[in-house]
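# Topology and contacts: notes
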Amino acid sequence: MNAMTEIPMREHANAAGLLVQKPGLSILIPFYGDDPRPLINALGPMAERADDFEIVLYDDGEPDPELNRAICAHTDRFDLPMRVLTSVRNRGRAAGRNLLAGAARADWFLYLDADMIPDDGAFLERYRQAMADDVADAIFGGYVTADAEHPDQILHAALSRSSDHHDATTRNAVGATAFCSSNVLVRASVMRACPFDQGFSGWGWEDTDWAVTASNGFHLIHVDNPARHGGLQSTDELLAKFKAGAVNFRRLLDRHPELSGLPGARAARTLKAVPGQHWLRGLWAWTSRNNALPLRLRTLAVKLWRASWTSEVL
């Protein structure tokens, strides 16, 4: 018995979700504390017009039972087939995405993070056209970052815009390492052959690992079909996330030694030879948190913080 079957699950299906007809596309939305209702509201009209979609949501451990109940009730308002899967314990990002793949009915999946919103009303139609044209086995549409709603989220927004906002031409030049699981169209057959590695725990790099692994046997491309990324975090949350993610980055490099030339790996190796890391991390954390300093300096500081913790595990 594998880990996924050992952890109890609940399922809520709206009236349309009880139908067994095979859809053309399964939209898969994992969440953990985030509220996916704005995303559902944005997708609903687009999907209902096409009439061959299903939406499957997965609550990874139900950290907020009230939110879970509200989301289940919200899905009952739609004629579009929807199901909400709920795990009684947290499984993690990789396992949750694999679980969604196992529950989906279509031959194509669209993974969307719960804090994403399609950039316009033609979002799903572009992916439908890509499916019809059979252009690739997996497609990353990219994303743009929403404006910060709180001053303490400005650093995260700036970091995201400087590091991750690239058009399809730029991302195609980079290749698989520019993939994120937040907005990915992928064949079901690819997910059966290449699931997410559940050895990654906590935050980070499981989607890069998946894309690099899948690219060895399947055709992956980038297109310009972005969704707007919300879910911006505070500076302290960002620092904690980057510290914890160092172990996953080491796992990525162990599994793919050819990625040792990634900028993060090069920076970590350089910092490993620099003495006084404990003192330097304190300086970089202070700089990152200081709203009075220029954003460019704060962004550099948080990158150095991340590289310093990565240097500990390389």
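Scroll up to find the structure.
Please read all numbers here as calculations on a predicted model, not as lab measurements.

### A closer look at the overall build of the chain
Secondary structure summary: the chain contains 14 helices and 11 strands in total. Relative to its length of 314 residues, the chain is compact, with a C-alpha radius of gyration of 20 Å against a globular reference of 20 Å. For the chain, the spread of C-alpha atoms along the three principal axes comes to 60 × 40 × 40 Å. Counting every position in the chain, which comprises 314 residues, the buried fraction comes to 50%. Considering only intrachain contacts with a sequence separation of at least 6, the fraction spanning at least 24 residues in the chain is 83%. As displayed, the chain offers around 14,400 Å² of accessible surface, 53% of which is attributable to carbon and sulfur atoms. Where the 33 positive side-chain charges of the chain centre and where its 39 negative ones centre are 6 Å apart.

### Comments concerning the pattern of salt bridges
Following the criterion strictly, the structure yields 21 salt bridges and no others. Among the ionic pairs, Asp-120 bridges to Arg-126, the shortest N-O distance being 2.8 Å. Here Arg-187 and Asp-137 are joined by a salt bridge, their closest N and O atoms 2.7 Å apart. Pair noted here: Arg-187 is in strand S9 (residues 183-187) and Asp-137 is in the loop between helix H5 (123-133) and strand S7 (138-140), with a separation of 50 residues, a long-range link.

### Some words on helix H12 (residues 263-272)
Within the sequence span of H12, burial applies to Ala-265, Ala-268 and Leu-271. Seen end-on, H12 carries its buried residues on one side only, within an arc spanning 130°. In H12, those exposed residues whose orientation departs by more than 90 degrees from the buried face are Pro-263 and Thr-270. Looking at the packing, one finds that the buried side of H12 touches helix H11 (246-255), helix H13 (277-289) and helix H14 (295-313).

### A look at unusual backbone geometry
At Asp-134, a position not held by glycine, the phi torsion is positive, near 55°. Even without being glycine, Trp-205 reaches a positive phi, approximately 80°. Mapped onto the elements, Trp-205 comes out in the loop between helix H8 (188-193) and helix H9 (206-215). Judged by its relative accessible area of 24%, Trp-205 is partly exposed.

### Here's the deal with the environment of Cys-194
Relative to the helices and strands, Cys-194 resides in the loop between H8 and H9. For the pair formed by Cys-194 and Asn-98, sequence separation is 96 residues and the distance between their alpha carbons is 9.7 Å. Setting aside residues no more than four positions away along its own chain, Cys-194 makes contact with Trp-210, Thr-213 and Ala-214.

### Details of the packing of aromatic side chains
In the structure shown here, the tally under the stated rule is seven aromatic pairs. Ring centres 6.1 Å apart and planes at 85° place the aromatic pair Tyr-111 and Phe-196 in the edge-to-face group. One end of the pair, Tyr-111, is in strand S5 (residues 108-112); the other, Phe-196, is in the loop between H8 and H9, and 85 residues separate them in sequence. The same class applies to Tyr-111 as to Phe-196, namely buried. Here Phe-196 and Trp-210 contribute two aromatic rings whose centre-to-centre distance is 5.6 Å and whose plane-to-plane angle is 25°, an arrangement assigned as stacked. Taken as a pair, Phe-196 in the loop between H8 and H9 and Trp-210 in helix H9 lie far apart in primary sequence, 14 residues in all.

### Examining the sheet that holds strand S3 (residues 53-59)
Strand order in the open sheet formed by eight strands is S1-S4-S3-S2-S5-S9-S7-S10, with mixed pairing between adjacent strands. On the outer flanks of this sheet lie strand S1 (9-13) and strand S10 (220-222), each paired with one strand and no other. Between one strand and the next, the sheet's axes are offset by a mean angle of 20°, whatever the strand orientation. Pairing of strand S2 (residues 25-31) with S3, which is carried by seven bridges, proceeds in the parallel orientation. Bridged to Ser-26 within S3 is Glu-54.

### Digging into the packing of helix H6 (residues 154-164) against helix H10 (residues 235-244)
It is the contact of H6 with H10, at a shortest axis distance of 8 Å, that shows an interaxial angle of 50°. Taken as axis vectors, H6 and H10 run oblique relative to one another. For the pair formed by H6 and H10, the contact residues are Leu-155, His-156 and Leu-159 on the first element and Thr-235, Leu-238, Lys-241 and Phe-242 on the second. Of the residues belonging to the contact of H6 with H10, the class tally is four nonpolar, two polar and one charged.

Here is what the cut-offs are and how they apply
- Residues numbered from 1 in each chain as written.
- Predicted model: local features only at pLDDT ≥ 70, side-chain atom pairs only at ≥ 80, totals over all residues.
- Heavy atoms only, no water.
- Helix = DSSP H or I, 4+ residues; strand = E, 2+ residues; numbered from the N terminus.
- Rg over C-alpha atoms; globule rule 2.2 N^0.38 Å.
- Buried < 20%, exposed > 50% of the residue type's maximum accessible area, 1.4 Å probe, protein only.
- Contact = heavy atoms within 4.5 Å.
- Areas by Shrake-Rupley, 256 points an atom, 1.4 Å probe, with all protein chains shown as cover.
- Lys, Arg positive; Asp, Glu negative; His and termini not counted.
- Charge placed at Lys NZ, Arg CZ, Asp CG, Glu CD.
- Salt bridge = Lys/Arg side-chain N within 4 Å of Asp/Glu carboxyl O.
- Arc of directions from axis to C-beta.
- Phe/Tyr/Trp six-rings, centres within 6.5 Å; stacked < 30°, edge-to-face > 60°.
- Pairing = 2+ DSSP bridges.
- Axes fitted to C-alpha atoms, helices over the stretch in contact; angles between N-to-C directions.
- Parallel < 35°, antiparallel > 145°, perpendicular 65-115°, else oblique.
- Nonpolar A, V, L, I, M, F, W, Y, C, P; charged D, E, K, R; others polar.

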